[in-house]
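# Overview (structure and organization)
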Amino acid sequence: MPHEALTTPLYTTAATAKGGRQGHVTSEDGVIDLATGKPGSKTNPKANPETLFAAGYAACFGNALISVAASEGLDVSESTVTASVTLGRTSSGVGLAVALEAVIPGVDDDTAQELVDAAHQACPYSKATRGNIDVTITARTV
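First things first, this report covers the structure right here in the doc. Remember, predicted model here, so these are calculated numbers, not experimental data.

## Considerations on the pairing of strand 4 (residues 80-90)
Direction of pairing for strand 4 relative to strand 5 (residues 93-104): antiparallel, over a ladder of 11 bridges. Directly across from T82, in strand 5, lies its bridge partner E101. Taking the residues that link successive antiparallel strands as the turn, the strand 4-strand 5 hairpin has two residues.

## With respect to helix 2 (residues 109-122)
Taking 1.5 Å of rise per residue, 14 residues should cover 20 Å, and helix 2 covers 20 Å from first to last C-alpha, within 8% of that figure. Taken together, the buried positions of helix 2 are T111, A112, L115, V116, A119 and H120. In this structure, the buried residues of helix 2 make contact with helix 1 (49-71), strand 5, helix 3 (124-129) and strand 6 (134-141). Where helix 2 begins, the side chain of D108 points an oxygen toward the backbone nitrogen of D110, at a separation of 3.1 Å.

## Comments concerning the pairing of strand 5
Pairing of strand 5 with strand 6, which is carried by eight bridges, proceeds in the parallel orientation. Across the sheet, L100 pairs through a bridge with I137, a residue of strand 6.

## Things to note about the sheet that holds strand 5
If you trace the three strands from one edge of the open sheet to the other, you get 4-5-6, paired in mixed fashion. The sheet is open, and its two edges are formed by strand 4 and strand 6, each paired on a single side. Ignoring strand direction, the axes of neighbouring strands in this sheet form an average angle of 15 degrees. Of the strands in this sheet, strand 4, strand 5 and strand 6 touch helix 1, which is tilted by about 140 degrees from strand 4. Along the sheet, helix 2 contacts strand 5 and strand 6; its crossing angle with strand 6, the most-contacted strand, is approximately 150 degrees.

## Some words on the packing of aromatic side chains
This structure, assessed with the given rule, holds three aromatic pairs. Between the aromatic rings of F53 and Y125, the centroid separation amounts to 5.7 Å while the plane-to-plane angle is 40 degrees, which identifies the pairing as tilted. Placement of the pair is F53 in helix 1 and Y125 in helix 3, with a sequence separation of 72 residues. Assessed through its relative accessible area of 29%, Y125 is described here as partly exposed. Aromatic pair Y57 and Y125: ring centres 5.4 Å apart, planes at 35 degrees, arrangement tilted. Here Y125 lies in helix 3 and Y57 lies in helix 1, a separation of 68 residues in the sequence.

What counts and how
Residues numbered from 1 in each chain as written. Predicted model: local features only at pLDDT ≥ 70, side-chain atom pairs only at ≥ 80, totals over all residues. Heavy atoms only, no water. Pairing = 2+ DSSP bridges. Helix = DSSP H or I, 4+ residues; strand = E, 2+ residues; numbered from the N terminus. Expected span 1.5 Å × (residues − 1). Buried < 20%, exposed > 50% of the residue type's maximum accessible area, 1.4 Å probe, protein only. Contact = heavy atoms within 4.5 Å. Polar contact = N/O pair within 3.5 Å; in protein donor to acceptor, adjacent residues only side chain to side chain. Axes fitted to C-alpha atoms, helices over the stretch in contact; angles between N-to-C directions. Phe/Tyr/Trp six-rings, centres within 6.5 Å; stacked < 30°, edge-to-face > 60°.

Below you can see the structure in the form of structure tokens.
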């Protein structure tokens, strides 16, 4: 699928990192201002790029899910999305994989699957990662 260029910017932000994984990251609006650390530290855990990516993807996918459901006349605002991001070795170095789990109350299994499939098509993070990293999606109902 060819690259899809932006036609109308809706929002722009920036973040600055210093010191890599064991440094500090700040957003230009001051909302994010935190120390970063290597993944997996049990004694002094800190946010890392994978943590931040997981949070961003989960929130973005959750919003896409709410939007596509609303277009079908459904309210899934009580849904949760968990993004599990894995950093690992690839044939060319290091890469990422993501497992998304959406828990959608009040709908049947088929509807839940249709909603997550549509959200995966609409979500900007899904568009950005499509064809670049492995992304798996699971829908659960409660």
